[in-house]
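Inside the fold
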Amino acid sequence: MGLVPFAAYVLIFLALPTVLAIGSGFFTKKGAFTLDNIAALGDPVILATFWNSTWVSVLTALVGAIVGALACYAMLGLSESGVVRTSVNAVSGTFAQFGGVTLAFAMIATIGLQGVVTKFLATTFGIDLYAGGAWIYGLPGLIPAYLYFQIPLMVITFMPALSALRPQWVEANLTLGGTRAGFWLHVGFPVLAPSFLASLLLLFANAFSSYATAAALASQGSQIVPLQIRAALTSETVLGRENLAGALALGMIVVVGVAMAVYNAVQRRAARWQR
């Protein structure tokens, strides 16, 4: 009985919208069954948007995972109840959920064409961030915006795995004549690899499905899949096909679903030694 409210929430706000979004891709505006919308996924324009979403997500996931893992390692020797570690955890929890229009405005106000940092670098050091064009309003601008919440998300997800490394393992390695470098090479990295890969996949799915920040920052064009879905919903026809948004949603769900399925499999493997 305690799961009924949660089940109702999942049904109304997750399952039902997903079924409606995917199902619409198989029907015309008049309700007739069609595969034209699904066939549109092979169009060069649609493939380009999927490719853009993929490489932006992979890049920000890799950078976020590496920087976040280094931040976790830097905090490894600190007390869990200390001021520094608790502050970093609190800030990471806040920044990991900081996105949308608020983040887009913060980016524009700081490193936009008339941003505070942009003007400071230009007047003080003669550095023009936009000598090559207004990159912040295109795909390159999504990279620093996504990293803003990708790195804190990595800190939140990877820190428990790194903290679970037992000091006794290091001591046993040193007692048997090993070195610290050898410990990380033969014990630390292999043990942490599943958790790192799981966090990397989570970051990829997080970036691939992000919409609000991209919609507010890169408002011109439909460079990534979420923006292409918006264009399909707001225009009467896209590439001569109706209900294309449902087909795009299906393709997006498949990509994110595969990433999360692999994430769950890797996370179960990582949980074996963490227990």
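One structure accompanies this document, and this report is about it. This one's a predicted model, so the numbers in the text were calculated from it and none came from an experiment. (Residues numbered from 1 in each chain as written. Predicted model: local features only at pLDDT ≥ 70, side-chain atom pairs only at ≥ 80, totals over all residues. Heavy atoms only, no water.)

1. Looking at the overall build of the chain
What counts, and what does not: Secondary structure is summarised from DSSP: a helix means a run of H or I of at least four residues, a strand means a run of E of at least two, and numbering begins at the N terminus for each. We call a residue buried when its accessible area falls under 20% of the maximum for its residue type, exposed when it is over 50%, and partly exposed in between, using a 1.4 Å probe and counting protein chains only. Note on contacts: a residue pair is in contact if any heavy atoms of the two residues lie within 4.5 Å. Only the protein chains shown count as cover for residues, and the accessible areas themselves come from Shrake-Rupley with a 1.4 Å probe.
Looking only at helices and strands, one finds 12 helices and 0 strands in the chain. Shown N-terminal to C-terminal, the secondary structure of the chain runs as helices and strands in the order α-α-α-α-α-α-α-α-α-α-α-α. Seen through its principal axes, the chain has C-alpha atoms that stretch 75 × 60 × 35 Å. Counting over 275 residues, the chain shows a buried share of 38%. Counting contacts in the chain only where the partners sit at least 6 residues apart, residues at least 24 apart contribute 71% of the total. In the structure as shown, the chain presents an accessible area of about 15100 Å², 70% of it carried by carbon and sulfur atoms.

2. Examining empty space enclosed by the protein
Note the cut-off: Within this scheme a cavity is a closed region of a 1 Å grid, computed over the protein atoms alone, that accommodates a 1.4 Å probe without allowing it to escape, whereas a pocket is open but has protein on both sides within 12 Å along at least five of seven lines; lining residues each have an atom within 4 Å of a point. Grid points are joined across faces, edges and corners, and a volume is the space filled by probe spheres set on the points. Put simply, Ala, Val, Leu, Ile, Met, Phe, Trp, Tyr, Cys and Pro go in the nonpolar bin, Asp, Glu, Lys and Arg in the charged bin, and everything else, Gly too, in the polar bin.
One pass over the full model with this rule turns up 1 cavity of 30 Å³ or more. Computed from the structure, the largest cavity encloses a volume of approximately 40 Å³. Taken together, Asn 52, Ser 53, Val 56, Ser 57, Tyr 146, Ala 207, Phe 208, Ser 210, Ile 224 and Pro 226 make up the full set of residues lining the largest cavity. At the level of elements, α3 (44-74) and α9 (180-208) are the ones that each hand at least two residues to the lining of the largest cavity. With 4 residues, α3 is the largest single contributor of residues to the lining of the largest cavity. Its residues assigned to classes, the lining of the largest cavity shows 6 nonpolar, 4 polar and no charged.

3. A word on α3
Formally: Expected helix span is computed as 1.5 Å times (number of residues minus one). The definition of a polar contact used here is a pair of N or O atoms within 3.5 Å, where within protein one atom must be able to donate a hydrogen and the other to accept one, and adjacent residues in sequence count solely through side-chain atom pairs.
An ideal rise of 1.5 Å per residue puts 45 Å on 31 residues; α3 measures up with 45 Å between its terminal C-alpha atoms. For α3, the N-terminal cap is Asp 43; the gap from its side-chain oxygen to the backbone nitrogen of Val 45 is 2.9 Å.

4. Section: the packing of aromatic side chains
Our working rule: Only Phe, Tyr and Trp rings are paired, with Trp represented by its six-membered ring, and only when their centres lie within 6.5 Å; those with planes under 30 degrees apart are stacked, over 60 edge-to-face, the remainder tilted.
Taken as a whole, this structure holds 11 aromatic pairs when the rule is applied. When the centroid spacing of 5.9 Å and the interplanar angle of 85 degrees are considered together, the rings of Phe 158 and Phe 196 count as edge-to-face. Here Phe 158, found in helix α7 (residues 139-163), pairs with Phe 196, found in helix α9; they are 38 residues apart in sequence, far enough to count as distant. Its relative accessible area of 4% is what places Phe 158 among the buried residues. Members of the aromatic cluster, joined through ring pairs, are Tyr 73, Phe 183, Trp 184 and Phe 189.

5. Focus: the nonpolar core
Basically, it comes down to this: Each nonpolar core is a collection of buried residues, namely Ala, Val, Leu, Ile, Met, Phe, Trp, Tyr and Cys, held together in the definition by side-chain atoms within 4.5 Å.
In this structure, Phe 158, Leu 162, Leu 192, Phe 208, Ile 229, Leu 244 and Leu 248 are the most contacted members of the largest nonpolar core, which totals 38 residues. If you list the elements that add at least two residues to this core, you get α3, α7, α9, α11 (225-234) and α12 (244-274). For this core, the element with the highest residue contribution is α9, accounting for 9 residues. Apart from residues no more than four positions distant in its own chain, Phe 208 is found in contact with Phe 50, Ser 53, Thr 54, Ser 57, Val 225, Pro 226, Met 252, Val 255 and Val 256. Of all hydrophobic cores here, the second largest spans 19 residues; its members include Leu 103, Ile 136, Ala 145 and Tyr 146.

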